[in-house]
Amino acid sequence: RFEEVPLAPPDSIFKLTAAYKADTHPDKINLGVGAYRDDNGKPWVLPVVKKATDILLNDATLDHEYLNITGLPEYTAAAARLIFGPDSPVITEGRVASVQTISGTGANHLGALFLSKFYGWNDKRVYLSDPTWVNHHAIFPQVGVPVSTYPYYDPQTIGLAFPAFLDALKNAAPRSVFLLHACAHNPTGVDPTREQWGAIADVMLEKGHFAFFDSAYQGFASGDLENDAWAVREFVRRNVPLLVCQSFAKNAGLYGERVGALHVVGASKEAAARITSQLSVLARAEISNPPAHGARLVSLILNDPALFAEWKRDIKTMAGRIIDMRKELHRLLTEELKTPGNWDHIVNQIGMFSFTGINPTQSQALVEKAHVYLTANGRISMAGLNSHNVRYFATQLDKAVRG
Ligand code: LMR
């Protein structure tokens, strides 16, 4: 009885959360998982989410019936408007097939599954940025889509490996699928500039490539929802074939509610209807119908102008605190501790994460000696830093770097 089942390794991100919880050291810090914390290191229930929750609790018309297979229509429609823009031709022409998913992971999975069945591949594989969110490497093979990588991060400059990235786009078989992070690249915090996005789109159009956008951090890159949707909207404007995986885990602080959506852009309204019908078949076999509560919360927030305005303020609060932590960490390292090396990337990178540039041995030393939990690739979740622990972290990082 399953005697032959081998032991799987623990998940590289969530094992850090478990180790952090088990650690009794008073100065422990969790910089592993990308989850927002307030200045006291506590999870933050967004005030707008509290308000929306109260509205739902007092709504006597609600029940616990099934949602549609494709989810709550007023949620998926508003989610599509949020990423594409309400006036986008793909919205006004009804060309988006939108399905509610189990957060961003579910959207990636459903998107990958849909492509594996219906995409006209020359070369069945997905190109992932090197590096990328570790789970991308698991999601695609799970549905029979092999993974290759394209150069993205240049350790010399701690920035974008732009020429090599463009070469990879040029050298891939026509109609290849490239996964792109819509904004706030995970794990590097390095995004292409608008000009670079334009050049990427040019090559993708020329080669007939497909853009598989993962948008898990809209609002976290710049504090502005519109700004952070720019790359997706620009690709739509240029008619690059694409889909978008969308998550409200981070920007609405709804990690455990699993609120996401997959938006596949079709060539016409009829095509979108056919795509929706197939996504519906796939979703039915896997989850039957998505969960209601989180989608109701996000739907309220997106569809009510006052709540929407409040949400934007909450996003600015989160993004602003992270930027403050970047500045303070940078100041401590460069001015006070005079830590060897250049640390400007801490303030230049954007979003939830910073790719510190430290090596796996230094990362391990931080985990084992300093009770600071971070992934082996040197990524830190900036949201885990606050005014009480940033000095301790800077001091420990300084020690690790000096060896
Ligand atoms: C992360 O990268 O830390 C987050 O996206 C959480 C996760 O699911 O890995």
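Asks: What should I look at first to understand the state of the cysteines in this one?
Replies: The term disulfide refers to a covalent linkage connecting the sulfur atoms of a pair of cysteines. A full pass over the atoms with the stated rule returns zero disulfides. In this model C183 remains outside any disulfide bridge; the closest cysteine sulfur is found in C245, 13 Å from its own. Residue classification places C183 among the buried positions, given a relative accessible area of 5%. Taking relative accessible area as the criterion, C245 reaches 0% and is therefore assigned buried.

Asks: Please explain the pairing of strand β3 (residues 126-130) as it appears in this structure.
Replies: Looking along a regular strand, one sees side chains alternate from face to face of the sheet. Most of β3 is tucked away: four of the five residues are buried. Bridge count for β3 against strand β4 (residues 147-151) is five bridges, and the pairing is parallel. Bridge pairing in β4 places L128 opposite T149. Crossover β3 to β4 through helix α6 (residues 136-142) is right-handed. Pairing between β3 and strand β7 (residues 177-181): two bridges, direction parallel. Bridge assignment links Y127 to a residue of β7, and that residue is F178.

Asks: Help me understand the side chain of N30 in this model?
Replies: When you line up the elements, N30 lands in strand β1 (residues 29-30). Relative accessible area serves as the criterion here: at 14%, N30 is assigned to the buried category. A distance of 2.9 Å separates a polar atom in the side chain of N30 from the backbone nitrogen of G32. Setting aside chain neighbours within four positions, we find N30 in contact with T17, Y20, Y373 and G384.

Asks: Sorry if this is basic, but what is going on with the sheet that holds strand β10 (residues 259-265) here?
Replies: What holds strands together in a sheet is hydrogen bonding between their backbones, with the strands either parallel or antiparallel. Strands sit in the order β2-β10-β9-β8-β7-β3-β4 across an open sheet of seven strands; the sheet is mixed. The open sheet is flanked by β2 (96-102) and β4, the only strands paired with a single partner. Within the sheet, the average angular offset between the axes of one strand and its neighbour, ignoring direction, is 25°. Pairing of β7 with strand β8 (residues 210-215) involves five bridges; the strand directions are parallel. The residue of β8 that forms the bridge with L179 is F212.

Reading guide: rules and limits
Residues numbered from 1 in each chain as written. Predicted model: local features only at pLDDT ≥ 70, side-chain atom pairs only at ≥ 80, totals over all residues. Heavy atoms only, no water. Disulfide = S-S within 2.5 Å. Buried < 20%, exposed > 50% of the residue type's maximum accessible area, 1.4 Å probe, protein only. Helix = DSSP H or I, 4+ residues; strand = E, 2+ residues; numbered from the N terminus. Pairing = 2+ DSSP bridges. Right-handed = clockwise from strand over helix to strand, strands pointing away. Polar contact = N/O pair within 3.5 Å; in protein donor to acceptor, adjacent residues only side chain to side chain. Contact = heavy atoms within 4.5 Å. Axes fitted to C-alpha atoms, helices over the stretch in contact; angles between N-to-C directions.

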